[in-house]
Amino acid sequence: MDSRISSTSLRVRGYHLDGYGHVNNARYLEFMEEGRWAYFDERPDLFRRLQRGGLAFVAVNVNIDYCAAAVAGDDLELTCWVSELGTRSARMAQEIRRQGDDALVSRATITFVLLDVAANRAIPIEGELRDLLAPLVLVSHRET
């Protein structure tokens, strides 16, 4: 797999389900957040740079497509990558696929800004942080 992509797995549990027996739509956002945490876990230099400067990436927009139902016992693979890097915002793309048949379950694009935590305001993505992010940009992962 491309080193710019993070991949993590999870199993659908009963508490993820809604009254219809499939994963509740809001749970997919939690799954994707788990994938984004894994992305930064795998890039400790990037994570340390954020912490050192009192900076945080903050989601400002989420677009999500629900493509197929996942049910209890499904093993899912979550992939995550930076798909766009602007001067004031960036985007991460994410996919959730069922491991058994590689079916696309959900995909999302998350737009985030860089927040100066102390000042509580968005700041440009520049300098060392930009240098760390730029090589991670991957426009397209694969056709769905």
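Reading guide: rules and limits
Residues numbered from 1 in each chain as written. Predicted model: local features only at pLDDT ≥ 70, side-chain atom pairs only at ≥ 80, totals over all residues. Heavy atoms only, no water. Phe/Tyr/Trp six-rings, centres within 6.5 Å; stacked < 30°, edge-to-face > 60°. Buried < 20%, exposed > 50% of the residue type's maximum accessible area, 1.4 Å probe, protein only. Lys NZ or Arg CZ within 6 Å of the ring centre and 35° of its normal. Helix = DSSP H or I, 4+ residues; strand = E, 2+ residues; numbered from the N terminus. Pairing = 2+ DSSP bridges. Arc of directions from axis to C-beta. Contact = heavy atoms within 4.5 Å.

**Here we look at the packing of aromatic side chains**
Move 1: Under the defined criterion, the tally for this structure stands at six aromatic pairs.
Move 2: Here Tyr39 and Phe40 contribute two aromatic rings whose centre-to-centre distance is 5.5 Å and whose plane-to-plane angle is 80 degrees, an arrangement assigned as edge-to-face. For the pair Tyr39 and Phe40, a shared accessibility class is recorded, and that class is buried.
Move 3: Cluster of aromatic residues (ring-pair linked, three or more members): Tyr39, Phe40, Phe57 and Phe112.
Move 4: One cation-aromatic arrangement involves Arg43 over Tyr39; the distance from NZ or CZ to the ring centre is 3.8 Å.

**Looking at the pairing of strand E4 (residues 90-98)**
Residues in a regular strand project their side chains so that they alternate between the two faces of the sheet.
Move 1: Most of E4 is tucked away: eight of the nine residues are buried.
Move 2: Between strand E3 (residues 75-85) and E4, which pair antiparallel in sequence order, lie four residues.
Move 3: Where E4 folds back onto strand E5 (residues 104-116) in an antiparallel hairpin, the turn is made up of five residues, including Asp102, whose phi is positive at roughly 60 degrees.

**Here we look at helix H2 (residues 44-52)**
Move 1: When we look at burial in H2, the residues that qualify are Leu46, Arg49 and Leu50. The buried residues of H2 occupy an angular sector of 100 degrees when the element is viewed end-on, so they sit on one face. Away from its buried face, by an angle of more than 90 degrees, H2 presents the exposed residues Gln51 and Arg52.
Move 2: Elements in contact with the buried residues of H2: helix H1 (25-41), strand E2 (55-66), E5 and helix H3 (127-133).

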